[in-house]
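One-letter residues, chain by chain:
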Amino acid sequence: MGAPRDPRADEQQLARAAAGFHARLRTVDTLVRMDGADFAALLPETDLEGAQIVARKLAEAGSEALGVAARAGVATFPDDVVTGEGLLEAAAQARDFARAASLPVASRSLLG
């Protein structure tokens, strides 16, 4: 059993990850910390292919900052869902699929 984790160090790591995320986003994009180490990036007027490219870059930034494999899920409006809450849920499901399949990025479209 190792030493207990320092919550301040964890927050500093997450702040570094967030800075890395921001550096890979456009000024019109919005980054939101959801819960714990989960973030959402809202990418206006970005199609599925563009969102997947950004998601890969964000997963790489998260892996670099946190030292663990980061996973990303992608969902698009209005193709996958038409509500904000639904969009976040669909992206979370895709992220969970990415984690289970050891993929850096998964899209809602993969889930059928």
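Residues numbered from 1 in each chain as written. Predicted model: local features only at pLDDT ≥ 70, side-chain atom pairs only at ≥ 80, totals over all residues. Heavy atoms only, no water.

1. Section: the side chain of D29
Inspection of the secondary structure puts D29 in the loop between helix 1 (7–23) and strand 1 (30–35). Relative accessible area serves as the criterion here: at 11%, D29 is assigned to the buried category. With residues near it in sequence (within four places) discarded, D29 still touches L42, L43 and P44. (Helix = DSSP H or I, 4+ residues; strand = E, 2+ residues; numbered from the N terminus. Buried < 20%, exposed > 50% of the residue type's maximum accessible area, 1.4 Å probe, protein only. Contact = heavy atoms within 4.5 Å.)

2. Overview of the nonpolar core
F21 and L25 are the most contacted members of the largest nonpolar core, which totals 15 residues. Counting residues per element, the ones that place at least two in this core are helix 1, helix 2 (48–66) and strand 3 (72–74). Tallying contributions element by element places helix 2 first for this core, with 6 residues. Filtering out sequence-adjacent residues up to four positions away, F21 remains in contact with L31, F39, L58, A61 and G62. (Core = buried A, V, L, I, M, F, W, Y, C linked by side-chain atoms within 4.5 Å.)

3. Some thoughts on a nonpolar patch on the surface
A grouping of V32, M34, L42 and L88 is seen on the molecular surface, where their side chains present a nonpolar patch of about 300 Å² in accessible area. Tracing the chain through its elements places L88 in helix 3 (residues 84–101). Judged by relative accessible area, which is 37%, L88 ranks as partly exposed. (Patch = residues over 30% accessible without salt bridge, like charges linked within 9 Å, V, L, I, M, F, W, Y side chains within 5 Å. Areas by Shrake-Rupley, 256 points an atom, 1.4 Å probe, with all protein chains shown as cover. Salt bridge = Lys/Arg side-chain N within 4 Å of Asp/Glu carboxyl O.)

4. Observations regarding the packing of helix 1 against helix 2
As a packed pair, helix 1 and helix 2 sit with axes 8 Å apart at the nearest point and diverge in direction by 150°. As far as their axial angle goes, helix 2 and helix 1 are roughly antiparallel. The handedness of the crossing between helix 1 and helix 2 is right-handed. Residues Q13, L14, R16, A17, G20 and F21 of helix 1 touch helix 2, and the partners they reach there are L58, A61, G62, A65 and L66. Looking at the contact of helix 1 with helix 2, its residues break down into 7 nonpolar, 3 polar and 1 charged. (Axes fitted to C-alpha atoms, helices over the stretch in contact; angles between N-to-C directions. Parallel < 35°, antiparallel > 145°, perpendicular 65-115°, else oblique. Left-handed = near helix turned anticlockwise from the far one by under 90°. Nonpolar A, V, L, I, M, F, W, Y, C, P; charged D, E, K, R; others polar.)

5. Topic: unusual backbone geometry
Residue P78 follows F77 across a cis peptide bond; omega there is 0°. Of note, P78 is situated in the loop between strand 3 and helix 3. Despite not being glycine, E45 has its phi angle at roughly 55°, a positive value. Structurally, E45 can be placed in the loop between strand 2 (38–42) and helix 2. Positive phi, close to 55°, is recorded for S102, a residue that is not glycine.

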